[in-house]
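Listed below are the residues making up each chain.
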Amino acid sequence: MEGEEARNLLDASLTWVREHHGDVEVEAELVVRSEAELLVERGDDAQMIVLGSRRPGPVTGFILGSVGLRVLSQAACPVVLIRGGTVSHRPQNGDIVVGVPEDGEEADAVLEFAFRAAATRGVPLRAARAWQPPPPHRQPPPRGAGPVGNARRPGVGSAK
């Protein structure tokens, strides 16, 4: 009976998409396979994979072996993760913010994607690159401080 239920759900989803987004070409296929494996395979020939979260938190739906993490780590194309929640809580306008990686080749790909996303939406693009200064170096001990400093300085020692 599971196969029949899956087919009914698939058909209902296909009908809904066609009714609400008739200008988008859509097809449906019932596949028995791991979600992550299937998405990664289909991503080989795709421009983008878009995933949503079934969990309320901004990150919790994509960690510890979740489908999102597996697809992110294996997909050949960009993967966009959409945080769950009600539409009313999402901003309707605003910038596209891109985190710029240090690696030049990766940065080129990330920036190209972000520029296209901003241009498509007609919004500004804001690039961010974080840098943390190295921890402050320990100051050397003052001259002559401590037993090692005194023992090695010429002319310092106990008088006989």
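Summarised in this report is the structure supplied together with it. As the structure is a computational prediction, the values presented were derived from the model and not from experiment.

1. What to know about the pattern of salt bridges
Alright, step 1. On inspection of all chains with the given rule, the structure shows 8 salt bridges.
Alright, step 2. Glu102 is paired through a salt bridge with Arg129; the nearest N and O atoms lie 3.4 Å apart. One end of the pair, Glu102, is in the loop between β3 (96–99) and α4 (104–121); the other, Arg129, is in the loop between β4 (125–128) and α5 (146–152), and 27 residues separate them in sequence.
Alright, step 3. Judged by relative accessible area, which is 67%, Glu102 ranks as exposed.
Alright, step 4. For Glu112, the salt bridge is made with Arg116, and the minimal N-O distance between the two is 2.7 Å. With Glu112 and Arg116 both in helix α4 and 4 residues apart, the pair spans about one turn of that helix.

2. Examining a nonpolar patch on the surface
Alright, step 1. A cluster of nonpolar side chains, Met48, Val50 and Ile82, forms an exposed patch at the surface whose accessible area comes to about 250 Å².
Alright, step 2. Its location among the elements puts Val50 in strand β1 (residues 49–52).

3. Here we look at the nonpolar core
Alright, step 1. Counting 8 residues, the largest nonpolar core is built from Ala36, Val40, Ile49, Leu51, Val71, Ala75, Cys77 and Val79.
Alright, step 2. Elements with a contribution of two residues or more to this core: α2 (35–43) and β1.
Alright, step 3. Non-local contacts of Val71, meaning those with residues more than four positions away in its chain, are made with Ala36, Leu39, Val40, Ile49, Leu51 and Val79.

4. Remarks on the environment of Leu38
Alright, step 1. Looking at the element boundaries, Leu38 is found in helix α2.
Alright, step 2. For Leu38, the residues in contact, after removing those within four places along its chain, are Val31 and Arg33.

5. Considerations on the pairing of β1
Alright, step 1. Burial along β1 is one-sided: the face carrying Ile49 and Leu51 is buried and the face carrying Val50 and Gly52 is not.
Alright, step 2. Pairing analysis gives 4 bridges linking β1 to strand β2 (residues 79–82), with the strands arranged parallel. Bridge pairing in β2 links Leu51 to Leu81.

Rules behind the numbers
- Residues numbered from 1 in each chain as written.
- Predicted model: local features only at pLDDT ≥ 70, side-chain atom pairs only at ≥ 80, totals over all residues.
- Heavy atoms only, no water.
- Salt bridge = Lys/Arg side-chain N within 4 Å of Asp/Glu carboxyl O.
- Helix = DSSP H or I, 4+ residues; strand = E, 2+ residues; numbered from the N terminus.
- Buried < 20%, exposed > 50% of the residue type's maximum accessible area, 1.4 Å probe, protein only.
- Patch = residues over 30% accessible without salt bridge, like charges linked within 9 Å, V, L, I, M, F, W, Y side chains within 5 Å.
- Areas by Shrake-Rupley, 256 points an atom, 1.4 Å probe, with all protein chains shown as cover.
- Core = buried A, V, L, I, M, F, W, Y, C linked by side-chain atoms within 4.5 Å.
- Contact = heavy atoms within 4.5 Å.
- Pairing = 2+ DSSP bridges.

Just geometry here; none of it tells us what the structure is for.
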